[in-house]
Amino acid sequence: MADSFKARTTLKSGADTYQICSLAALDATRVARLPYSLKILLENLLRFEDGTNVTRRDIQALLDWDPHAPPSHEISFTPARVIMQDFTGVPAIVDLAAMREAMQRLGGNPDEINPLAPAELVIDHSVQVDRYGTREALAQNNRIEFERNGERYAFLRWGQSAFHNFKVVPPNTGIVHQVNLEYLGRVVFEKSEAGHRQAYPDTLVGTDSHTTMINGLGVLGWGVGGIEAEAAMLGQPVTMLIPQVVGVRLSGSLQPGATATDLVLTVTEMLRKRGVVDKFVEFFGDGLANLPLADRATIGNMSPEFGSTCAIFPIDEETLRYLRLSGRPESQVQLVQDYARAQGLWRVHGAPSAHYSDVLELHLGSVEPSLAGPARPQDRVPLASAKSIYERHHARMAEERERRRAAASAAADSTAAAAGAAATAGTTAAAAAAATATAAAPAGRAPVSLEGRSFELTDGAVLIAAITSCTNTSNPSVLMAAGLLARNAHRAGLTARPWVKTSLAPGSRVVTDYLKRAGLLEDLESIGFDLVGYGCTTCIGNSGPLKPEISAAVRAADLIGCAVLSGNRNFEGRVHPEVRMNFLASPPLVVAYAIAGTLDIDLNHEPLGRGSDGQAVYLRDLWPAPAEIADYVQRNLDSQMFRHSYASVFAGDERWQGIQVPAGKLYAWDARSTYVKNPPYFEGMSMQAPALADIRGARVLALLGDSVTTDHISPAGNIARNSPAAQYLMQHGVQPADFNQYGARRGNHEVMMRGTFANIRLRNLLVPGTEGGVTRYLPSGEQMSIYDAAMRYKADGTALLIIAGKEYGTGSSRDWAAKGPMLLGVRAVIAETYERIHRSNLIGMGVLPLQFREGESAQSLGLSGQETFDITGFEGPEARVAQVLARGADGAARRFELRVRIDTPKEREYFRHGGILQYVLRQLAGQSRAA
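Described below are features of the structure shown in this document.

How each quantity is defined
Residues numbered from 1 in each chain as written. Predicted model: local features only at pLDDT ≥ 70, side-chain atom pairs only at ≥ 80, totals over all residues. Heavy atoms only, no water. Phe/Tyr/Trp six-rings, centres within 6.5 Å; stacked < 30°, edge-to-face > 60°. Buried < 20%, exposed > 50% of the residue type's maximum accessible area, 1.4 Å probe, protein only. Helix = DSSP H or I, 4+ residues; strand = E, 2+ residues; numbered from the N terminus. Lys NZ or Arg CZ within 6 Å of the ring centre and 35° of its normal. Axes fitted to C-alpha atoms, helices over the stretch in contact; angles between N-to-C directions. Parallel < 35°, antiparallel > 145°, perpendicular 65-115°, else oblique. Left-handed = near helix turned anticlockwise from the far one by under 90°. Contact = heavy atoms within 4.5 Å. Nonpolar A, V, L, I, M, F, W, Y, C, P; charged D, E, K, R; others polar. Core = buried A, V, L, I, M, F, W, Y, C linked by side-chain atoms within 4.5 Å.

## Remarks on the packing of aromatic side chains
Right, on to step 1. On inspection of all chains with the given rule, the structure shows 19 aromatic pairs.
Right, on to step 2. A centroid spacing of 5.5 Å and a plane angle of 75 degrees characterise the contact between W158 and F163, whose relative ring orientation is edge-to-face. Each member of the pair, W158 as well as F163, is classed as buried.
Right, on to step 3. Measuring from ring centre to ring centre gives 5.5 Å for F189 and Y200, while their planes differ by 10 degrees; the resulting arrangement is stacked. One end of the pair, F189, is in strand β7 (residues 188-193); the other, Y200, is in strand β8 (residues 196-201), and 11 residues separate them in sequence.
Right, on to step 4. Residue F189 is classed as buried on the basis of its relative accessible area of 8%.
Right, on to step 5. Following the ring pairs from residue to residue traces out a cluster consisting of F155, W158, F163, Y667 and W669.
Right, on to step 6. Seen from the ring of F5, R56 lies directly overhead, with NZ or CZ sitting 4.1 Å from the centre.
Right, on to step 7. R745 extends its terminal NZ or CZ atom over the ring of Y675, reaching a point 3.8 Å from the ring centre.

## With respect to unusual backbone geometry
Right, on to step 1. In this structure, the amide linkage connecting G373 to the following residue, P374, adopts the cis form with an omega of 10 degrees.
Right, on to step 2. Checked against the element boundaries, P374 lands in the loop between β16 (370-372) and β17 (380-382).
Right, on to step 3. Notably, V187 is not glycine yet its phi reads approximately 70 degrees, a positive angle.
Right, on to step 4. When you line up the elements, V187 lands in the loop between α6 (176-184) and β7.
Right, on to step 5. Non-glycine residue E807 carries a positive phi angle of around 60 degrees.
Right, on to step 6. Counting through the fold element by element, E807 comes out in the loop between β29 (800-803) and α29 (816-824).

## Quick look at the packing of helix α7 (residues 226-233) against helix α32 (residues 916-930)
Right, on to step 1. The geometry of α7 relative to α32 is characterised by a closest axis approach of 9 Å and an angle of 20 degrees between their N-to-C directions. By the angle between their directions, the pair α7 and α32 is classed as roughly parallel. Viewed along their axes, α7 and α32 form a crossing whose handedness is left-handed. Residues I227, E228, E230 and A231 of α7 pack against I916, L917 and V920 of α32.
Right, on to step 2. For the contact of α7 with α32, the class distribution of residues is 5 nonpolar, no polar and 2 charged.

## Things to note about the nonpolar core
Right, on to step 1. One finds L457 and Y808 to be the most contacted residues of the largest nonpolar core, which totals 309 residues.
Right, on to step 2. With residues near it in sequence (within four places) discarded, Y808 still touches L704, V708, I713, F757, I802, V829, A831, T833, Y834, E835 and H838.
Right, on to step 3. With 5 residues, the next largest nonpolar core counts V129, A137, A505 and V532 among its residues.

What follows is the structure, given as structure tokens:
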């Protein structure tokens, strides 16, 4: 490695001496003005300077960073490690297994397909809330999880033995980001190489967008698609433009009654409004002294919800306190302190701030109790306004319902008339009668008899109340607050309403340890919040089925039901297909709404219910005092809990240890498998990248609006029984009860192709008035599933396009949201704006991301989506603009230009090769053959 700045030196920490790349060797004035996050990137460049991937010019460009200039200089960032969860990790390991076979076909050594950086996978996305409301729920859900996912888990066990540098944290342990925060995060990495000990900042990329939770610990990392993570595992640096950095100055402290959840919803709203996509966000100011590490992690976690690449906090005394609390060795804590101070990464109270591209101010005392919803995490709702916000959205949804029911009634009348005229009227008339009865049933209210109780279910009913997700279950303060509120409610004689599906799914076993010690786990159980599993559950869409009686009532009355969850995502169709509104809230508010049983309530002024003494009980009567919450945290949480919980974290339970593991360095693909299949990405691949070709005669597969999320493009949850994916599974002998979720099927490209654009709330403007994965096959005008239309186009040899509005690809860092369209034949996406990760994923799969010019859109250009498109001019190494010719059915032609959103030279190389995996495979095969 080169050392043109003479930065390599040593650091003494305790009894040990480490080699480091010292920032003090550089221009002190220039380094001091850099934000914390850019100092970490600067060290990374110094350490990996080789004259090729990282040059002296790159280092100088970062030293000369202009905070107000548009990003223009590309650099290479080499993360210290990669972290994955199982929904994204399984397809990543599937791809690596396929790359080994392709490497062999290309004449290279398949053993060279191996993680070079440490890769750790935490299985947390597969547990579902099948059982709840009982102390046996945890054991029952864990058993069902292994029955459903045994094949996937055997594959991961194979990967753990076949690949070097790859570890798996088994199921029933915790959520990836909380395990990362509590155990895996190093803050300062140490490694021995050639007899020397090195120290450098812990950095990472992860296959989940909420990887940024680790930013709260001062660790620079962010979410990438699985394909980028695979490249990073194989030693490829992440290429990026030196970013702008937005600073958020914090002052003051939270007022009584405001929680970390309220704070993060406020930050999310504020930063989404300001616009921070593709930027780093960094928190600074003396208010940090009043912000516990868990609150910092909660904010860092939500970075993808406000669109930034990361949302990082500096290292300070609070960082060290948390490292000690979470059981890290004292030698590690000392190294973090010594290294941070030596490198200027230590926060000093009252010190001058760094230079930022933009600065926002937030006084923590201005934060008020809040929710977010009903469909986006950035749509904050003050608790005081929650009822009115519900009423506004309910009015809109009720109008839509009336239109649907009127259409259904007309269709039923038509069917009944036809059936009456037919000679074979028996079954047809019965179907018509059922349709007529459904259309005639009263909307928005239905009687229910459930387990010996009778009640009326109405619009606004809370059908799901879940304490779930990495965002809040990492935070002892809000979990203790939920437990204390449950205790107070239990003492008053209150419990959850019978129609509410309640669940407690912590992010680690430490949570249940401290709740048990505090005596609050039983109080949560008394309200209905029994432990259901250690995983993402409801937040990822694994909410499980509603009770059959509730589900039937929802369908009969076309009910506008609600979910309240302590999660980070509430997109349409994500939480549960039968729930129309989804609100994010703090864990204690989740408990409160479970007791109230409805969103149609003002919790500040209306009672939650009546206690055992018949008196009205209000939220203010139950809410614990801040001093009591702090006291419970102080007395019931200690480092021994963390040490005990993580003592054998990779061992797993008897189910995990009992899995039969396939042998061999090459995976033995099972042609009968419906979970793991050899993907087609490398079929027919040669050592030479094919020449790029213009896009001619393309058709639009889907014309979409704003805020289309990766959940819309590639849902993670329920596989509908009438969907192409369901038809495939049933043809292969899988019964509906065993469909599992789309997320669990990501190792099978056949399922995922059919599930692309299959979200039940997708609105394709080519088929106005519909919801779901439907489109028109434009040559004939026939309406059909998006998958079926794509196969028709593929048989015709027709290239496909997606046209969308603003914020295309928001949400999870879901590589299948790029893989799926590519396999359907989509050559390009045209959108008004993109979220960072999804744009990168499209390039990683060889799909061209194009962007309308500022102020232009499909509507402004008069595009109906029924045109045929020729797109040219994007092939050159410096191409920034593509030329488009759109021909309408009437023969009219429109010409316009689009921005080519291939932002860096390395991205252009990936695109030229047909994707990042093809690029990496060709490089590795070439090196292997040369050796």
